[in-house]
Every structure is written in structure tokens, then in C-alpha cells.
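Coordinates in review
Spelled out from the first residue to the last, the chains are:
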There are 2 protein chains.
Amino acid sequence: MGELTEPLPYQAQASRPRVVIVGGGFAGLHAAKGLAKLPVDVTVVDRRNHHTFQPLLYQVALAVLSPADIAQPIRTILRHQPNVQVLMEEVESIDVEERRVGLASGVRLPYDYLVLATGATHSYFGREDWAPLAPGLKSIEDALEIRRRVLLAFELAERQMQEYGWHPPLNFVVIGGGPTGVELAGAISDIAKLYMRHDFRHIDPTKARVLLLDSGPRVLAAYPEDLSAKAEAELTKLGVEVHTGTHVTGMGPGWVEAAGKRIYSVVTLWAAGVQASPLGRLLGAPLDRRGCVLVDDRLNPPGLPEIFVLGDLAHLDQDGREVPGVAQPAMQMGDHVGKVLAADLAGLPRPAFRYFDKGDMATIGRMAAVAKVEWPIKAHWSGLPAWVTWLTVHIFFLIGFRNRISVVAAWVWSYFTFTRGARLITGDQRLPGWQDQVAAGPGAAGDPPQS
Amino acid sequence: MGELTEPLPYQAQASRPRVVIVGGGFAGLHAAKGLAKLPVDVTVVDRRNHHTFQPLLYQVALAVLSPADIAQPIRTILRHQPNVQVLMEEVESIDVEERRVGLASGVRLPYDYLVLATGATHSYFGREDWAPLAPGLKSIEDALEIRRRVLLAFELAERQMQEYGWHPPLNFVVIGGGPTGVELAGAISDIAKLYMRHDFRHIDPTKARVLLLDSGPRVLAAYPEDLSAKAEAELTKLGVEVHTGTHVTGMGPGWVEAAGKRIYSVVTLWAAGVQASPLGRLLGAPLDRRGCVLVDDRLNPPGLPEIFVLGDLAHLDQDGREVPGVAQPAMQMGDHVGKVLAADLAGLPRPAFRYFDKGDMATIGRMAAVAKVEWPIKAHWSGLPAWVTWLTVHIFFLIGFRNRISVVAAWVWSYFTFTRGARLITGDQRLPGWQDQVAAGPGAAGDPPQS
């Protein structure tokens, strides 16, 4: 045991350029795969052992899918690529002069090329004390925490009803009307109104209220106005109460303050803001106000041609508009790194990156989605066609044949039987603010604003 | 919201006998189902929202299956049985005089019949300080903790090797050679030697050592001697080092003391002892030394004909031998409660319970198991025939069509591709004792006893 089964590539083959990729998301993985055939030694560093297919994370949060359906070990994904090693480790510093990445263990990892693709995290706009009250959705752990809270709310209501004959109102408040907020609100409404109808004896889960609050004038602000309107209409049809122009000014365990009113909330979820991963700051390069690193059309920060910043961490302007922080550009940027390094190794000029926008989609609920299609045709779709497109595209991009089969099976099962396969509550069995609402007694919770 | 959608059965229909079932395991679920057609009102109380199919829990621990494959909400399983309500709540006291169950909320739940089926938990034989060092396997949470530790050990070894060129030896120590210990040891050996071979660049996972320690003279002590010998031979073939007659006398983070020697251990697992759930003590009835409630052949403790104790919590002697604490007798006892209550309601004498033993099985690893078959033929099987029987029986008894499909798919996939679908590390990324072993430096760990 413990013998060196292969030489450390970045030590033993020092003649080959050493590429360090930080982050195993869409951008990092595509960068690693794009380097498969180049004479370089690649180290992928991620603090987690798994790649997460983020577009389906909300389905783990709402008990449709299991974590393993949408996550896979990074080293398993890259197992057949011999020039890649994977290191589960935290990056703490970057020395751009010496070209070394400082790891939590104290080890400094030298690089010839650095690919930084550590993505984004939640932003509470300086109100970090809101984080435990209103979890966001970025990781498997986040998804399991949301699942725990949503399922627990129904269990506690049923228990309270059985034991005392009343329960605090089941208001679920989702803050932020972007794609994640819309997905979460629609999915909570679905599970309450369609998937748990026959499971309770004392509460009526279909009477749960789902409130989607957004400070802006419309949901899905990054989409064309007609699709925002369609999305709002579809949300309303699913029973979600959409409150645009509603700014959240305060929050506590069991309540949210918005539009001058206190809304009681059994579960509050945060989908209002993202900020760049703090690793972007380590480069000393110019950042935008969300902390994203400004890059040129070769994906380099100014004056650092050996460093590539990709995906949600990069701020790239193209045709006067910022390339959005979603999966597609991240994948394309990852792929582009391979082309640039191939050019470098061949002594050719570096090709410029251009984001090819095939469109964008947001799912809303059972048989409801909106899609802005840019390629191969230009179109705005909503309802069933958008939903079918969404399903197809997401299955196609899931990593691994097993996961595709497993997700399709879970979807077909869930669709036809109106049950959800992963309704497990694990961990802590308390809900923040629940006891306060119970102690306040019947009627104290008041009514949330009517839509 | 909040209206009473159905009357509280035990309040509104006081003329029907109220049956309270505590515990949603095999015994409790079978008891609830057996009461489906009787004019009684049933309340199933469990502190978890889900039933866990315990025989496959070790496959969650070793990343073959996802938690949702083997667990389902109790209220979903019983959703179509209108005389059942499910309460997720902790039981704190039982008043056998007043016939009330005291809940954590302070509410007291009246019963006419009480079914107590809360199972068993780990016993560290008074060394509760060992619990965080060597987790056992009883719940989904336990399984995820074991999965986290086992997978993390390989990741940390790879990291240590990459960064410093050596790593502490990958010794996995399983304490206890009963069915759970044998399953865990075989499954760790399988994942290390077969399922992760191509994933690491710096360590050779096939060189991990798995040690199974048992203080008794043979593994699977409850099985016939020939099957114990077969099991030990199959374990050895899988690469597990079996040490019988080896008593564990001490434990710390990263090591186990046994047979006067300190064995370094990156992950220590506990499968050495079980004790009855503490709820058995609340009856004031006679207990055996593991805390199991002594019951007669009507499954009642002495003098308490309205109370049934079932499954692992019950101590029942039949033909001079104790009925074992496994799934089959638990199910049969659950079924029997329905027969007894039907007799009571009809004014007939209560039928006696008799455990019908169809046999018992333990799985060891890929294509290895032992089976003591009692019905329809009497036989001792090992190897492939036992393993195929084991697979078939476990698929048959899994609750829910969806879970059967999902488990079969995961098994087929895993079997043919040599990958495991659920290799996720979530939660804390530290391993108890790892830093101590690293700090001690190469060679300090010494060698575990040779088999």
C-alpha cells in the first residue's frame, strides 16, 4: 500500500505544460475534456468530490430526484482521460507572479496555465444573517436542506392539527423571481397540490400557499417581456401567488417583511441574488460589482494570458451585452480553453471566443415552461412545447448514461403516478420559527398579501 | 387552510377501538396493514417520516443505492388505508394504567390497543464514547455517514499522496462478524478492489485492507457452522482479513486496540452489538439483558393483553430458542396483531403466534452469500446460488414497485459496469484521526495483524 502507482505528472514530466483547473462545474469539466488530446498535464481541483448538474438541483430539493441522479464523482467522469488527475482540496491563494495555487494543506501547486471556474454563490446583499433563515440553492447540501424544510412543514402541520386541532398557515415564501425562484415556487406548488393529496388526514396540502416575491417589475427579467408574462400566467395557474415590485425589507424565523407587511412563512427560500465565488478576488484583476472577473474575448483577465476565467465567475461582454451566467456559455468557454492551448502549443495565434446562444429555458411546473429559442429557429415558446423541449435538452446534457436512465425513470414514474420518489426527511427535525408560530396561537399569523 | 378535513378518529369515533402503533419498521407496517379491514382507528407514530428497508442499508453505505431507493414515507405507504393516520412524533412515556402514550409535544394519545415496535439500536457495551469513532448502521443517516467516511478516506489518501508522496495505510476495520459486519466488510472490499480501480492516479485502491474483527470463534455465529466456514472462506477470497477471537479493548481517532496491538484504521465501523430501543423500558414489564420485552405466544408482556410488543424489541422463545431479531419474524408478528384483534372483536379466543422460519441469508459481496434454507426445502447454500436467492428475495420484499425497478436497475448497472451510482461525499470533509495519522508521518502506523 502507498506505493506511487504513477508519477506525479507535474513533477515527473516537467517538459509538458501543467494546467491547473479550479472548479469541477460545467466550465471546468469541459475545459478538462477539451485538453484530452493535448500534451499537457491537467490537475482538476475541487473542494467537493462530485460534479453537480445544477439545472436539476431544484428537483432534488422538491423530492423528485435523488442526489446521485444529478451528481457524479469528478474523478469518475474523467477516469479514462490519462492526462488528468483530480484533487479534492480547497484553494486558498493564487500567486500570479510565481504561478502557484496555494492549497488548504499548505502545498503550493505550480501551473503553466490556470483555469479558474469556481462559479457563483448566493448573495444576501450584506444580510448574511438571513442565510440560515432562507437557504438558497447551489449545492446538493442546499437541496437536501430545502427538501427537509418543505417536507417537514407539512409533517409538523399535520401533527399540530392532530394534536391541537389547528396549525399555522402553510405559507411558502420564495424570494427572487429569476429562473431558480420560478422553478422552486412552481415545484413547491406542484408537490403540495398534486403529489401529496392523499397522504394526510388532517391537513389539506392543496391549500398551502406559495408566494413568489420579486423586487423588479416582472419575473424572469432576463427573458423577453412576452415570456415573463407567460411565466407569470403559468405560475398563477399552478396556484403560485406572484408579487412583483415587492421588496423584502426584513426577515426572522417564521416571517418575512415585505411591502410594509409581515408575512408569516413556514419555509422561506432565497433565490434573489448571486455573487461570484470569492476566488476571483485572488487574481488581483478587475472585477464587476458582483465580483466577477472581467475577461477579454480570449477569456483572460487583462495582462494575464496564462490565466483563463470561465463560467459564472467570468464577466464577458459580447455585442454590448453580458454573456449570461448559465450552463451553456460555461460549457462553451470550457471547450474554448482546449482550442486556445492547442493554438499556443502549435505557435498559432489564439482564437477569439464567441458565445453561440442557442436560447434559454426556464421550467415552471408540471407541463409548464418558457423557452426563448435562438437556434435552429428563433421562437418564443411556452406551456407544453417549452416543457417538452426543456425535458429533452436536460436529459441530453445530463452527464452519464446511468443518470439519464435514472432521471427519465423518475420523471415518468412521478408524472404518471403523482408520487415523488425521494420524500425523505433526514437530519434535524425542527423548523426555524415553527414553535414561535405555534406559540402565537391560531389567527396570529394573519394573512399574507392577496395576489 | 387549516380546516379539519377529517375528524380525529380517536376523538370523533370513540366507539371504535383506538390502536396506536409506535414504530414504522417491518413489524409496525405489517401491523397497520393487517388492521386495514377491521373496524378500528389506527395511529402510526414514528419519529422519522420514512420506513427504511434495513436489509439493504449497507448498500446505501457503500454507494450502490440512493437513500430513496430503500426508504419511503410511511404515510405514502399507508395512503390508501383510510383507517390509518400517521404522526411524525417522538414518544416519551407510556401510561399503562391510563392507557395513554405521552408524546414529545406534551400531548397524551389514548389507546385501546398499543403496538410497540421500535426495534433495536447499537450497543457499545457501556462505551458510548466509541459511538463517534465507530458509527453503526441502523438508519439512513448512519448509512450516509459511513458512505462519507469510506469515500473520504480514499480522497484524502489520494490528496496526501499527490501532495506529499505518501499516505497513511488504508485500513478499514469492521468490528463484529454478524450479518451486518460481514456485509459491510465484503462491500468495502468490493468497492476498493473492483469499483474504484480506474479512478485514482496516485493510490491503488485495490491495496486497501479490510479487517473484520470478532470476539467469538466464528463469523455469523447464529448460522450453522458449515455456513460460517463458507462465509469466512468467501470473505477471505474477496480480500477481507478475518480475525475471529479478537476482542476490541480500546479505540481512538484513527486506531483500534485489539489482541494487545494497536491497529491503525482510517475508518472504523461498529457492528458488534445491538440493544433494544429504550421505549421497551417504559412498559415496566420484564426485560431480557439486551432490554427486549419478554412476551408470551400472544405477543403480550405478562398481564398486559392490550399491549403487543413486536419485532426486534420483543423477546419471544419458541421451542426453547429465541426467535431472531430479523425482518421475517417482525413481519409475521405484525401480521399476527390483525388476527388477534379480529378474534377480540369477534369475541373469539386469541390465536397463538408461531414463527414460521423460511430460512435466513447473509450477503458477503459480489456473487457471494450464504443461505440457510428451511422452506420449501432444507438446505445450506453458499456462493452464487445463495447470492441469486438473496437478490431475488430482497427485490421481492422491497416496498413499492418504483423502488424495485430502481434497485434492480442500480444493481444491473453496477454489476456490469463496475461503477457505483451514488459515490457522493456530502457534509463535513474531515475524517476523525486522519490528521493524527498524517502528523505521525510515514511508517508510524505500523502494520495491522496479518491474517
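Keep in mind that this is a model prediction, so the values were computed, not measured. (Residues numbered from 1 in each chain as written. Chains lettered and ligands numbered in written order. Predicted model: local features only at pLDDT ≥ 70, side-chain atom pairs only at ≥ 80, totals over all residues. Heavy atoms only, no water.)

1. Things to note about the sheet that holds strand 26 (residues 379–382) of chain A
Residue and element names in this part refer to chain A. The strand order across the open sheet built from three strands is 24-25-26, with neighbouring strands paired in antiparallel fashion. On the outer flanks of this sheet lie strand 24 (359–365) and strand 26, each paired with one strand and no other. Strand-to-strand, the axes of this sheet are offset by a mean angle of 5°, without reference to chain direction. With four bridges connecting them, strand 25 (residues 368–373) and strand 26 associate as antiparallel partners. By the bridge assignment for strand 26, Ala 371 is matched with Trp 381. In the packing of helix 8 (residues 225–238) onto the sheet, the strands contacted are strand 24, strand 25 and strand 26, and the crossing angle to strand 25 comes to about 170°. (Pairing = 2+ DSSP bridges. Helix = DSSP H or I, 4+ residues; strand = E, 2+ residues; numbered from the N terminus. Axes fitted to C-alpha atoms, helices over the stretch in contact; angles between N-to-C directions. Contact = heavy atoms within 4.5 Å.)

2. Here's the deal with a nonpolar patch on the surface
Among the surface-exposed residues, Met 367, Leu 384 and Val 388 of chain A lie close enough to one another that they form a single nonpolar patch of about 240 Å² accessible area. If you trace the backbone, Met 367 of chain A turns up in the loop between strand 24 and strand 25. (Patch = residues over 30% accessible without salt bridge, like charges linked within 9 Å, V, L, I, M, F, W, Y side chains within 5 Å. Areas by Shrake-Rupley, 256 points an atom, 1.4 Å probe, with all protein chains shown as cover. Salt bridge = Lys/Arg side-chain N within 4 Å of Asp/Glu carboxyl O.)

3. A few points about the interface of chain A and chain B
A common way to express how large an interface is: the accessible area buried when the components associate. Across the contact, 73 residues belong to chain A and 74 residues belong to chain B. Between chain A and chain B lies a buried interface of about 6500 Å² when both sides are counted; carbon and sulfur atoms form 52% of it. Applying the counting criterion to the chain A and chain B interface returns eight salt bridges. Two residues, Asp 199 of chain A and Arg 79 of chain B, come together in a salt bridge whose shortest N-O distance is 2.8 Å. The tally of links from chain A across to chain B stands at 34 residue pairs in polar contact (both at pLDDT 80 or more). The biggest single contributor to the side of chain A that touches chain B is helix 6 (residues 140–164) of chain A, with ten residues. Split into classes, the residues belonging to the side of chain A that touches chain B amount to 34 nonpolar, 20 polar and 19 charged. (Buried area = accessible area lost by both parts, 1.4 Å probe. Polar contact = N/O pair within 3.5 Å; in protein donor to acceptor, adjacent residues only side chain to side chain. Nonpolar A, V, L, I, M, F, W, Y, C, P; charged D, E, K, R; others polar.)

4. Details of the nonpolar core
Core analysis: the largest hydrophobic core is formed by 138 residues, its most contacted members being Phe 154, Phe 172, Leu 283 and Leu 310 of chain B. The dominant element in this core, judged by the number of residues it contributes, is helix 6 (residues 140–164) of chain B, at eleven residues. For Leu 283 of chain B, the contacting residues outside a window of four places in its chain are Ile 94, Val 96, Leu 114, Leu 116, Val 293, Pro 301, Leu 304, Ile 307 and Val 309 of chain B. Judged by nonpolar contacts, the second largest core, of 137 residues, contains Val 19, Val 20, Ala 153 and Ala 231 of chain A. (Core = buried A, V, L, I, M, F, W, Y, C linked by side-chain atoms within 4.5 Å. Buried < 20%, exposed > 50% of the residue type's maximum accessible area, 1.4 Å probe, protein only.)

5. Describing the confidence of the model for chain A
All names here are of chain A. For chain A, the average pLDDT comes to 93, and 95% of its residues sit at 70 or higher. Counting interchain partners and residues more than four positions distant, the pLDDT-below-50 stretch residues 1–12 has 35 contacts. For this predicted complex, the interface confidence score (ipTM) comes to 0.93, while the overall pTM stands at 0.94. (pLDDT = per-residue confidence, 0-100.)

6. Focus: the side chain of Glu 234 of chain B
Residues and elements named next belong to chain B. Looking at the element boundaries, Glu 234 is found in helix 8 (residues 225–238). Comment: no salt bridge for buried Glu 234; closest opposite-charge side chain is Lys 237, at 6.3 Å. Reaching out from Glu 234, the side chain makes a polar contact with the backbone nitrogen of Gly 383 at a distance of 2.7 Å. The residues contacting Glu 234, other than those within four sequence positions of it, are Ile 364, Ala 368, Ala 369, Ser 382 and Gly 383. (Lys, Arg positive; Asp, Glu negative; His and termini not counted.)

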